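# Reading the structure
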Amino acid sequence: MGAPATFRVVVVGGSLGGLNAALWLRAAGCAVTVFERAAVPLEDRGAGIVLHPATIRYLGLPGGQPVEEISAPATWLRYLDPAGHIAHESACAYRFTAYNVLYRGLLRCLGSDHYHLGAECVGFEQDATGVTVRFADGRAERCDLLVCADGIASLGRRLLFPACTPHYAGYIAWRGVVSEEELSEATFALLHGGITYFLLPDGHILVYPIPNRDGVVEPGRRLMNWLWYRNVAPGAALATLSERRGSERWLISIPAGAVAEQAVRQLRHDASALPRPLAETIIRTQQPFIQVIYDIAAPRMAVGRVVLIGDAAFTVRPHVAAGTAKAAEDAWTLAQALRGQVDCLATALTHWDAQQRALGERVLARARTAGEQLQHGRWPVGRPLPFGLYTEGDSALADASGGSWHER
Ligand SMILES: Cc1cc2nc3c(=O)[nH]c(=O)nc-3n(C[C@H](O)[C@H](O)[C@H](O)COP(=O)(O)OP(=O)(O)OC[C@H]3O[C@@H](n4cnc5c(N)ncnc54)[C@H](O)[C@@H]3O)c2cc1C
């Protein structure tokens, strides 16, 4: 039994968390509208995303897209040595996709009728019977439940918990993608079938293939996605990386084109000392960008009729590859909690809050530990990757022919 169609939900934030919330709440019988601040569809956010069963639960429903059509497989994990030789190789079963592939797929499922771009939420007030959500253009929406899926700098979180501030992890991720067609034969041969790690005393690098911008997953036509995590002191050292100094309250990411030219030159210079396949991949990337790494933990995920999901609630370091999976899981569990429970919303939300907050805290702790070890020379060559949402390893996806990849 679903919630009555009169149960109105406003979702603020139309990225992967917001889309998952809208789809699952709609499936549970709610009338859902999404409001996204960006004026145009969110095509170029981030780059590679490690799939997890939770991430593709909706897309994998019968009639949806087969996982092998939206992702690149990795059948091995390799660690390189400083000469660029394979220091360790073991089997794995990960699949990688790109942000825009997931976004387009989920938005296609939702349709555009109840998805509004250029709609920035500027505040909300709640009372015993509902929430009034205000937007920058003066519009106001009344709803029974407000879902804030508004990401790392969440307005919802700042209004509910002004004292909850992000904690800079002490390092950044340089990121980029380069077409497999632009790589030498030797580099393509080394990198294309799996995920490759290289450990440094003060950082680490990983590389894996993802679909290209048109969603093509054929080897040789995809993109090679890389991340180089580098320790950077807070304050002035961090600020010099951006051309737009002082324009943000705190730096979240420095998109391609906004990274300081001198910093890109330095990156390329430093990359030339890396093992040759990695140097080539990084140096041939035209527009590297930067993700600044933070830990954020909201003290609660539900306050009255307002909930926080995904990065708005907990932003975790990327090492466990669970950011997108967690947002999707928050959304799915919220819809499960509300099914048939709209008359006792407070009780349903209290239970959901405790359950998802415990998950968020566990993922955050695992990601923080992995990050400290990886960034400070304490991660041994050959160790299995910490990818996973509930436990290390649960990001592994059996081949679609195994049948059960969309179920947890
Ligand atoms: C540069 C970058 C790279 C990333 N790479 C990876 C990766 O490789 N793997 C992975 O799993 N995760 C990655 N992530 C995290 C991942 O994108 C998120 O975990 C995932 O998208 C789910 O997040 P979300 O929907 O909760 O928030 P987000 O994706 O951040 O979306 C929040 C949305 O809310 C909108 N918004 C914000 N404020 C308002 C407002 N006031 N009104 C209306 N709309 C608003 C924003 O425009 C945005 O679209 C990355 C994030 C960033 C920033």
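Here we have 3 strands laid out as an open sheet, ordered β7-β8-β9, and antiparallel in their pairing. Across the chains shown, the open sheet's two edge strands, defined by having one partner strand only, are β7 (121-126) and β9 (140-143). The mean angle between the axes of side-by-side strands here comes to 20°, regardless of whether they run parallel or antiparallel. Pairing of β7 with strand β8 (residues 131-135) involves 5 bridges; the strand directions are antiparallel. Pairing of C121 across the sheet is with F135, part of β8.

As a further point, take the site of the ligand. The immediate surroundings of the ligand are formed by 32 residues, with G13, G17, G151, G310 and G323 found nearest. Of all the secondary structure elements, the ones that give two or more residues to the shell around the ligand are α1 (16-27), β3 (48-50) and α9 (323-338).

The next point concerns the sheet that holds strand β2 (residues 31-35). Spatial ordering of the open sheet is given by β6-β2-β1-β10-β18-β17, a layout of 6 strands whose pairing is mixed. For this open sheet the edge positions go to β6 (115-116) and β17 (302-303), each flanked by a neighbour on one side alone. Relative to strand β10 (residues 145-148), strand β1 (residues 8-12) runs parallel, the two sharing 4 bridges. Paired with V9 across the bridge in β10 is L145. Relative to β2, α1 is tilted by about 170°, and along the sheet it contacts β1, β2 and β10.

The next thing to look at is the domain arrangement of the protein. For the protein, the assigned domains read domain 1 (8-65 + 100-165 + 297-369) and domain 2 (74-92 + 167-293). Placing the centre of domain 1 and that of domain 2 at their C-alpha centroids yields a distance of 29 Å. Counting residues at the interface gives 8 residues for domain 1 and 12 residues for domain 2. For the side of domain 1 that touches domain 2, a count of residues per class yields 5 nonpolar, 2 polar and 1 charged.

This part takes up the packing of α9 against helix α10 (residues 345-375). Two elements in contact, α9 and α10, have axes separated by 10 Å at closest approach and are oriented at 160°. The orientation of α9 with respect to α10, classified from their angle, is roughly antiparallel. Relative to α10, the crossing made by α9 is right-handed. On α10, the residues touching K326, D330, T333, L334, A337 and L338 of α9 are A348, H351, W352, Q355, Q356, G360 and V363. When grouped by side-chain class, the residues that make up the contact of α9 with α10 number 6 nonpolar, 5 polar and 2 charged.

By the element assignment, P162 lies in the loop between α4 (155-160) and β11 (167-179). P162 gets classed as exposed once you count the C-beta atoms within 10 Å, which come to 8. Measuring from C-alpha to C-alpha, the distance between P162 and F188 comes to 48 Å, with 26 residues separating the pair along the chain.

Leaving glycine aside, a negative phi is the common case for residues, and trans is the common case for peptide bonds. Its identity as a non-glycine residue notwithstanding, A321 has a phi of 55°, on the positive side. Mapping A321 onto the fold places it in the loop between β19 (314-315) and α9.

In this section: the pairing of strand β4 (residues 72-80). Taken together, the 8 bridges between β4 and strand β5 (residues 86-98) define a ladder with antiparallel strand orientation. Bridge pairing links A72 to F96 in β5. In this structure, the hairpin formed by β4 and β5 is closed by a connection of 5 residues, where G84 is found at a positive phi of approximately 90°. Inspection of the sheet shows β4 paired to strand β12 (residues 194-200) by 4 bridges, in the parallel sense. Its bridge partner lying in β12, W76 is registered against G194.

Alignment of β11 against strand β14 (residues 223-231), held across 9 bridges, turns out to be antiparallel. By the bridge assignment for β14, R175 is matched with L227.

Turning next to α1. For an α-helix, the turn length of 3.6 residues means that residues three or four places apart are oriented alike. Its 12 residues place the ends of α1 16 Å apart at the C-alpha level, agreeing with the 16 Å of an ideal helix rising 1.5 Å per residue. Burial analysis of α1 places 10 of its 12 residues in the buried class, which makes it a mostly covered element. For α1, the secondary structure elements touched by its buried residues are β1, β2, α3 (99-110), β10 and α9. G29 lies just past α1 and shows a positive phi near 100°.

A separate point is the confidence of the model for the protein. Per-residue pLDDT for the protein has a mean of 92; in total, 94% of the residues score no lower than 70. Long-range and interchain partners of residues 1-5, a stretch whose pLDDT sits below 50, account for 16 contacts in this model, where long-range means more than four residues apart. Confidence over residues 400-408 falls short of pLDDT 50; this stretch has 18 contacts with residues more than four positions distant or in other chains.

Of the positions making up helix α7 (residues 261-271), those classed as buried are V264, L267 and A271. Down the axis of α7, the buried side of the element spans an arc of 55°, and every buried residue falls inside it. Among the exposed residues of α7, those oriented more than 90 degrees off its buried face are E261, Q262, R265 and H269. Contact partners of the buried residues in α7: β11 and α8 (276-283).

The next thing to look at is the packing of α1 against α3. It is the contact of α1 with α3, at a shortest axis distance of 10 Å, that shows an interaxial angle of 25°. Taken together, α1 and α3 sit at an angle that is classed as roughly parallel. Between α1 and α3 lies a crossing whose hand is left-handed. Every residue of α3 that contacts α1 at L16, L19, N20, A22 and L23 is listed here: L102, Y103, L106, L107, C109 and L110.

Rules used in this analysis
- For every chain, the first residue of the written sequence is number 1, and numbering continues from 1 along that sequence.
- In keeping with the predicted nature of the model, local features appear solely for residues at pLDDT of at least 70, side-chain atom pairs appear and are counted solely at 80 or more, and the whole-chain, interface and lining totals rest on all residues.
- Should DSSP find at least two bridges between two strands, the strands are regarded as paired.
- Only DSSP runs of H or I with at least four residues qualify as helices, and only runs of E with at least two residues qualify as strands; both kinds are numbered from the N terminus onward.
- Fitting a line to C-alpha atoms yields each axis, with helices limited to the stretch in contact; the angle taken between N-to-C directions then spans 0 to 180 degrees.
- Each residue gets a C-beta atom placed from its backbone. Should that atom fall within 6 Å of a molecule or strand, the residue is termed near it.
- What counts as a contact is two residues whose backbone-derived C-beta atoms lie within 7 Å of each other.
- Boundary definitions for the domains trace back to an automatic or database domain assignment.
- Ten residues, namely Ala, Val, Leu, Ile, Met, Phe, Trp, Tyr, Cys and Pro, are considered nonpolar, four, namely Asp, Glu, Lys and Arg, are considered charged, and the remaining ones, Gly among them, are considered polar.
- Every angle not falling under 35 degrees, over 145, or within 65 to 115 is termed oblique; those three ranges are roughly parallel, roughly antiparallel and roughly perpendicular.
- Helix crossings are classified by the rotation of the near helix relative to the far one: an anticlockwise turn of less than a right angle makes the crossing left-handed, while a clockwise turn makes it right-handed.
- Using C-beta atoms placed from the backbone, we call a residue buried if 20 or more other C-beta atoms fall within 10 Å of its own, exposed if 12 or fewer do, and partly exposed for counts in between.
- A helix's residues, less one, multiplied by 1.5 Å, set its expected span.
- Looking at any residue, its pLDDT shows the predictor's confidence there, from 0 to 100.
- The directions from the helix axis to the C-beta atoms are what the arc is built from.

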